[in-house]
Amino acid sequence: MVERSQAQRHVYPRTVRFADIDSQGHVNNVRFLDYLEDARFGMFHIDPYNAGETPFKGLVVTRHEIDYRRPLGFRATPVRVESWVTEIRPVRFTLQYEIRDDDELFVAAMSVIAAYDVEGARPRRLTESELAYLKRFS
């Protein structure tokens with residue numbers, strides 16, 4: 001996994017909620033998938049919409065890989081989910097993430113995401129505008 005990239009990163013601030021904390025006093029490992037999902041939704045839907053661009057439609061995660069580096073406990077300040085693209089193919093791309101603050105790296109993760117034709121129930125090629133958007137973060 002790439003820990004630091006020179007690519008432009010999408011940064012999504014994520015509040016640690018009380019409901020995220022398990023009996024061990026830290027964010028439960030499965031909750032980190034929610035953090036990644038929230039960041040992807042911001043990156044591919046909310047941010048393009050707010051910029052007057054077309055949000056992505058029909059993306060499916062085909063693979064996740066997560067390395068837990070440090071426990072993340074309840075805190076008043078949000079952590080950052082930083083995301084960037086490391087590989088782009090005609091039908092899929094790879095997204096790397098770090099969940100961190102200024103001092104600590106809590107999680108390093110990777111997702112393979114495929115473009116999907118929801119109506120046709122099959123993979124599809126990424127559009128030119130989607131490819132251009134992804135290249136901003138690669």
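Residues numbered from 1 in each chain as written. Predicted model: local features only at pLDDT ≥ 70, side-chain atom pairs only at ≥ 80, totals over all residues. Heavy atoms only, no water.

Details of the overall build of the chain
As a reminder, the rule being used: Strands are runs of DSSP state E lasting at least 2 residues, helices are runs of H or I lasting at least 4, and numbering of each runs from the N terminus. Within these notes, the globule rule equals 2.2 Å times the number of residues to the 0.38 power, and the radius of gyration is based on C-alpha atoms. The classification of residues rests on relative accessible area computed with a 1.4 Å probe and restricted to protein chains. Under 20% of the type maximum is buried, over 50% is exposed, and intermediate values are partly exposed. When checking whether two residues touch, look at their non-hydrogen atoms; a contact exists if any pair is within 4.5 Å. Shrake-Rupley sampling with a 1.4 Å probe provides the accessible areas, and residues are treated as covered by the protein chains on show and by no other component. Positive charges come from Lys and Arg alone, negative charges from Asp and Glu alone, with His and the N- and C-terminal ends not counted. By convention, the point assigned to a charge is CZ for Arg, NZ for Lys, CD for Glu and CG for Asp.
Within the chain, the secondary structure is distributed over 2 helices and 6 strands. N-terminal to C-terminal, the α/β element order of the chain is β-α-β-β-β-β-β-α. Radius of gyration (C-alpha) of the chain: 15 Å, near the 14 Å computed for a compact globule of 138 residues. When the 138 residues of the chain are sorted by exposure, 38% land in the buried category. Of the contacts formed within the chain by residues at least 6 apart in sequence, a portion of 64% connects residues at least 24 apart. Put simply, the chain shows about 7800 Å² of open surface, and 49% of that area lies on carbon and sulfur atoms. Positive and negative side-chain charges in the chain, numbering 20 and 21 respectively, have mean positions lying 3 Å apart.

Here we look at the pattern of salt bridges
Rules: Salt bridges are defined by distance alone: a side-chain nitrogen of Lys or Arg within 4 Å of a carboxyl oxygen of Asp or Glu.
Under the defined criterion, the tally for this structure stands at 17 salt bridges. Notably, a salt bridge pairs Asp101 with Arg75, separated by 3.1 Å at the nearest N-O pair. Placement of Asp101 in the loop between β4 (92–100) and β5 (105–117) and of Arg75 in the loop between β2 (59–68) and β3 (79–88) is noted, with a sequence separation of 26 residues between them. The pair formed by Asp101 and Arg75 is uniform in burial state, with each residue classed as buried. For Arg89, the salt bridge goes to Glu87, with nearest N and O atoms at 2.9 Å. According to the relative accessible area criterion, Glu87 is partly exposed, its value standing at 27%. Connected through salt bridges with shared partners, the residues Arg9, Arg80, Glu82, Glu98, Arg100 and Asp102 form a single ionic network.

Describing the nonpolar core
For clarity, the threshold we go by: In plain words, nonpolar cores are sets of buried Ala, Val, Leu, Ile, Met, Phe, Trp, Tyr and Cys residues tied together by side-chain atoms within 4.5 Å.
Of all hydrophobic cores here, the largest spans 27 residues; its most connected members are Tyr35, Phe44, Leu72 and Ile99. Only α1 (31–50), β3, β4, β5 and α2 (128–135) provide two or more residues apiece to this core. When residues of this core are assigned to their parent elements, the largest contribution, 6 residues, is made by α1.

Overview of the side chain of Glu98
Stated precisely, the cut-off is as follows: As used in this structure description, the phrase polar contact means that two N or O atoms lie within 3.5 Å; if the pair is within protein, one of them must be able to donate a hydrogen and the other to accept it, and residues adjacent in sequence are counted only when both atoms belong to side chains.
Here Glu98 shows up in strand β4. On the accessibility criterion, Glu98 (0% relative accessible area) is buried. A polar side-chain atom of Glu98 sits 3.0 Å from a polar atom in the side chain of Arg9.

Here we look at the side chain of Asp101
Classification of Asp101 by relative accessible area gives buried; the value is 14%. Engagement of the side chain of Asp101 in a polar contact is seen with the side chain of Arg75, the distance being 3.1 Å. Among the polar contacts listed, one links the side chain of Asp101 to the backbone nitrogen of Asp103, at a separation of 2.8 Å. Dropping the residues within four chain positions of it, Asp101 is found in contact with Arg75, Arg80 and Phe106.

Points about the packing of aromatic side chains
How we decide: Each Phe, Tyr or Trp ring, with Trp reduced to its six-membered ring, pairs with another whose centre is within 6.5 Å; inter-plane angles below 30 degrees give stacked pairs, above 60 give edge-to-face pairs, and intermediate values give tilted ones.
On inspection of all chains with the given rule, the structure shows 7 aromatic pairs. Note on Phe32 and Tyr68: the rings are 5.9 Å apart at their centroids and 50° apart in plane angle, and the pair reads as tilted. Placement of the pair is Phe32 in helix α1 and Tyr68 in strand β2, with a sequence separation of 36 residues. Taking relative accessible area as the criterion, Tyr68 reaches 43% and is therefore assigned partly exposed. An aromatic cluster is built from Phe44, Phe56, Phe93, Tyr133 and Phe137, whose rings are joined through pairwise contacts.

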